[in-house]
Each structure stands twice: as structure tokens, then as C-alpha cells.
Amino acid sequence: MSNESTEKKSPALYLIPVTLGETEINQVLPSYNHDVIVNIKHFIVENIRSARRFLKKTEKSIDIDELTFYELNRHTDRNFIAEYLKPMEKGLDVGIISEAGCPAIADPGADVVAIAQKKGYKVVPLVGPSSIIMSVMGSGFNGQSFAFNGYLPVENPERIKALRKLENKVYNEDQTQLFIETPYRNGKMFETIVNNLKPNTKLCVAAGITCPEEYIKTRTIAEWKKNPLPDMGKVPAIFLLYK
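Residues numbered from 1 in each chain as written. Predicted model: local features only at pLDDT ≥ 70, side-chain atom pairs only at ≥ 80, totals over all residues. Heavy atoms only, no water.

So, on to the environment of Ala100. Of note, Ala100 is situated in the loop between strand S4 (94-97) and helix H5 (109-119). A sequence separation of 141 residues divides Ala100 from Leu241, and the C-alpha atoms of the two residues are 23 Å apart. Not counting the four nearest positions on each side in its chain, Ala100 is found in contact with Val18, Thr19 and Leu20. (Helix = DSSP H or I, 4+ residues; strand = E, 2+ residues; numbered from the N terminus. Contact = heavy atoms within 4.5 Å.)

Here it is in C-alpha cells:
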């Protein structure tokens, strides 16, 4: 009788990046991601419809009906999130898929990762595009100290106050400041920035990263006033400030 025993594989929570926009998968995601995805049957997703579309784009032969999806977005009751990791108690892998880019970065998937870490589960972040990191890379700004601030206030008095606060951090802490806006309001955000910040402050606008319409440009506020932002339509953008 053999004394050899088969070692049971520990389940893992895989953080699965998604393409930004309609970029081809092989341009931004390694083949290893594909090999992981096709072996997962349980997915925690921000949007079920877009997640299904991404999985089919990854592997046409995937039988979507065999998969189980757990939706996690701003409407999800946080008291039930731990239930989404139940398959891991049975030794099954679970994947997290964001709406775009990397899960758990400015994304509700972070709540699941926190629970997995607390329970001692293996967490595996896969390689993929992050518009936040890539915008810093393309800006020419401080990449050793930077902060992502999400959305700024919508109303102008509060927005201007928030922008000037970030500008002060740039000069006082030598820290790059990033923030975003709802795409259809990008033009309005741009106007508010150039009309209220110091002429020598630098602004980088990074839009449509990895997509055909990619636009990454850094100028001082004074230079931006002479060279207005092109019409980007509804292309997602990140705004970065530095000195």
C-alpha cells in the first residue's frame, strides 16, 4: 500500500482585471489570466451582464449557465458579503470581476478581500490594466508619493475648495493628487480646474487609457488655458495635479 498522499489544493480568491473600454484582451491581459478564469465556477461581480460579456470575450467556449454570479455594488447589503465566499469552505476558487480595470482599487471588491484576509484565505491579484497606476506612469509626476481621491464635490463652491486643498497638498507634501469625474462632466471639471488653480500648477489629463482614443497630456494651468482640452465625449478620464 502506498504511503503517498495527495495534497489538497488550497482555494484562492482571484482578483481578475478587466480590459478598459473595448481594448482587445491580448493587448493588456496575460494568457495566464485565461487559464485561471476557465477553471473558476463562482464569480463575485460588480455587474452580472458585463461580467458575462467579459468571460465570453475571454473564452468563447465557456458555458455561462454553469457559472454562479454574486453581485457586489453600492446597492449590496454589506452584511451578506461573507456569504459570497462560502464556496471556498468547500475548497473551490472564487473570482472577483470589476466593471473595468483592477478589482479592489477604488472598487467595492475591497470589502470581499478584507473578509478573505480575515478568514485566512489565499488572495491572488492577477496582472492587468489599472488606469490609476497607468495615469501616474504617463504623467511625469511623482510616482513615489501619490493619492487617489475619487470623486470631488459636484457643487462649485465645495469643488473649488476641494481642488485648492489638493493643490496645497501638492506643494506642501510633494504628493501627486489624482481624482476622477463622471465622463459627461469632464469638460466642466477641466474648466473649474484651469479657472481656479495657480498658473504654474501642472495638470495631467489621462483619458481612454489603453483604448484607441487614448489621450495623456501634461501642461501647466497657464499652458492649458492656451490649449483647451479636446472634446472627449464620454471617455473616462483621470485628472492629476502636481508642481
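Two side chains carrying opposite charge are able to pair once their charged atoms lie near each other. Applying the stated rule across the entire model yields 5 salt bridges. Here Asp174 and Lys243 are joined by a salt bridge, their closest N and O atoms 3.5 Å apart. In this pair, Asp174 is assigned in the loop between helix H7 (156-173) and strand S7 (176-180) and Lys243 in the segment after strand S10 (237-242), connecting sequence segments 69 residues apart. Look at Lys243 and you get partly exposed, because its relative accessible area is 37%. Through salt bridges with shared partners, one network takes in Arg159, Glu181 and Arg185. (Salt bridge = Lys/Arg side-chain N within 4 Å of Asp/Glu carboxyl O. Buried < 20%, exposed > 50% of the residue type's maximum accessible area, 1.4 Å probe, protein only.)

Another point: the sheet that holds strand S9 (residues 215-220). Here 5 strands make up an open sheet; going across it, the order is S6-S7-S10-S8-S9 and the pairing mixed. In this open sheet, the two strands that pair with only one neighbour each are strand S6 (146-151) and S9. Pairwise comparison of adjacent strand axes, ignoring direction, gives a mean angle of 20 degrees for this sheet. As paired elements, strand S8 (residues 202-207) and S9 share 6 bridges and run antiparallel to each other. Its bridge partner being in S9, Ala206 is matched across the sheet by Ile216. Of the strands in this sheet, S6, S7, S8, S9 and S10 touch helix H6 (residues 131-139), which is tilted by about 45 degrees from S10. Docked against the sheet, helix H8 (residues 186-196) engages S7, S8 and S10, running at close to 10 degrees with respect to S10. (Pairing = 2+ DSSP bridges. Axes fitted to C-alpha atoms, helices over the stretch in contact; angles between N-to-C directions.)

This part takes up H8. Of all the positions in H8, only Asn186, Met189, Phe190, Thr192, Ile193, Val194 and Asn196 are classed as buried. In the core, the buried residues of H8 are packed alongside H7, S7, S8, helix H9 (221-226) and S10.

What follows deals with the packing of aromatic side chains. Inspection of the entire model under this criterion finds 5 aromatic pairs. Ring centres 6.1 Å apart and planes at 25 degrees place the aromatic pair Phe43 and Phe69 in the stacked group. One end of the pair, Phe43, is in strand S2 (residues 42-45); the other, Phe69, is in strand S3 (residues 68-71), and 26 residues separate them in sequence. Judged by relative accessible area, which is 16%, Phe69 ranks as buried. Both rings, one in Phe179 and one in Phe239, keep their centres 5.8 Å apart while their planes meet at 15 degrees; by these two values the pair is stacked. Residue Phe179 is found in strand S7, and its partner Phe239 is found in strand S10; the two are separated by 60 residues along the sequence. Like Phe239, Phe179 is buried. Positioned above the aromatic ring of Tyr171 is the side chain of Lys198, whose terminal nitrogen or guanidinium carbon lies 4.4 Å from the ring centre. The ring of Trp224 carries the charged tip of Arg219 above its face, separated from the ring centre by 4.8 Å. (Phe/Tyr/Trp six-rings, centres within 6.5 Å; stacked < 30°, edge-to-face > 60°. Lys NZ or Arg CZ within 6 Å of the ring centre and 35° of its normal.)

Now for the side chain of Glu167. In this fold, Glu167 is placed in helix H7. Buried charge without a salt bridge: Glu167, with Lys198 as the nearest opposite-charge side chain at an N-O distance of 5.1 Å. Separated by 2.5 Å, the side chains of Glu167 and Thr201 make a polar contact. When near neighbours in sequence (up to four residues on either side) are disregarded, Glu167 contacts Leu197, Lys198 and Thr201. (Lys, Arg positive; Asp, Glu negative; His and termini not counted. Polar contact = N/O pair within 3.5 Å; in protein donor to acceptor, adjacent residues only side chain to side chain.)

Time to look at the confidence of the model for the chain. When pLDDT is averaged along the chain, the result is 92; 97% of the residues meet or exceed 70. Low pLDDT (under 50) marks residues 1-6, which in the prediction has 0 contacts with non-local residues, meaning those over four places away or in another chain. (pLDDT = per-residue confidence, 0-100.)

Below, the discussion takes up the environment of Ala114. The residue Ala114 is located in helix H5 in this model. For the pair Ala114 and Ala104, spaced 10 residues apart in sequence, the C-alpha to C-alpha distance is 9.7 Å.

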